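Take a look at the letters that make up each chain.
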Amino acid sequence: FGSWQANELQINLEKVLSHLPLMIVNGNKTVEVRPSRIDKTYAVKAIMKDLAGVDFGFVMAIGDGRADENVFTYLNRAFPKASLITSTVGRKTTEAKYYLPNVDSVLGILSKLIEAS
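Residues numbered from 1 in each chain as written. Predicted model: local features only at pLDDT ≥ 70, side-chain atom pairs only at ≥ 80, totals over all residues. Heavy atoms only, no water.

### Considerations on the packing of helix 2 (residues 40-50) against helix 3 (residues 66-78)
- Two elements in contact, helix 2 and helix 3, have axes separated by 8 Å at closest approach and are oriented at 35°. The hand of the helix 2/helix 3 crossing is right-handed. For the pair formed by helix 2 and helix 3, the contact residues are Lys-40, Thr-41, Val-44, Lys-45 and Met-48 on the first element and Ala-67, Asp-68, Asn-70, Val-71, Tyr-74 and Leu-75 on the second. (Axes fitted to C-alpha atoms, helices over the stretch in contact; angles between N-to-C directions. Helix = DSSP H or I, 4+ residues; strand = E, 2+ residues; numbered from the N terminus. Left-handed = near helix turned anticlockwise from the far one by under 90°. Contact = heavy atoms within 4.5 Å.)

### Here we look at the nonpolar core
- Formed by Met-48, Val-59, Ala-61, Val-71, Phe-72, Tyr-74, Leu-75, Leu-84 and Ala-96, the largest nonpolar core amounts to nine residues.
- Contributions of two or more residues to this core are made by strand 3 (59-63) and helix 3.
- With four residues, helix 3 is the largest single contributor of residues to this core. (Core = buried A, V, L, I, M, F, W, Y, C linked by side-chain atoms within 4.5 Å. Buried < 20%, exposed > 50% of the residue type's maximum accessible area, 1.4 Å probe, protein only.)

### Focus: the sheet that holds strand 3
- Spatially, 3-4-5 is the arrangement adopted by the three strands of the open sheet, whose pairing is parallel. Of all the strands in the sheet, just strand 3 and strand 5 (98-100) have a single pairing partner and so form its edges. Within the sheet, the average angular offset between the axes of one strand and its neighbour, ignoring direction, is 25°.
- Bridging between strand 4 (residues 84-89) and strand 5 involves three bridges; their strand directions are parallel. In the strand pairing of strand 5, Ser-87 is matched with Tyr-98.
- Of the strands in this sheet, strand 3 and strand 4 are in contact with helix 3, which crosses strand 4 at around 160°. (Pairing = 2+ DSSP bridges.)

Taken by themselves, the reported measurements are silent on function.
Laid out in C-alpha cells, this is it:
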C-alpha cells in the first residue's frame, strides 16, 4: 500500500509543480522534491572541490538508493587512490566497494568512528 501511495504522491506533485524546475523522485521509502539541476552527485562534487587540498584522512559515502549509485561512481573514479569507503545498505548490485546489511550496522560503524575520534 505504501508504494502505491508514493506513486500517487509523485504523480500529483508532478502535476502541481510541473511549471517549476524541480524533479520528483520516488526513492527507497522516500519521495524527494529537489531542484532539477542539483542532485547528490552535484553536491558531492561541490564539497570535494571546496575541500581540495585539505587532508581529511578518508572519505566515506553510505547510501541505499539509486541516486547514491551516481555518488559512488563519481567518488570511485575521481579518487581511485584516496582512502575512500563507499558502501550501500543491503545486498544488491552496486557501484559501492562495500555493503552493510542494514541501518543498525550503519549506526554501529558511525558510533565506532565517534568513539575513535
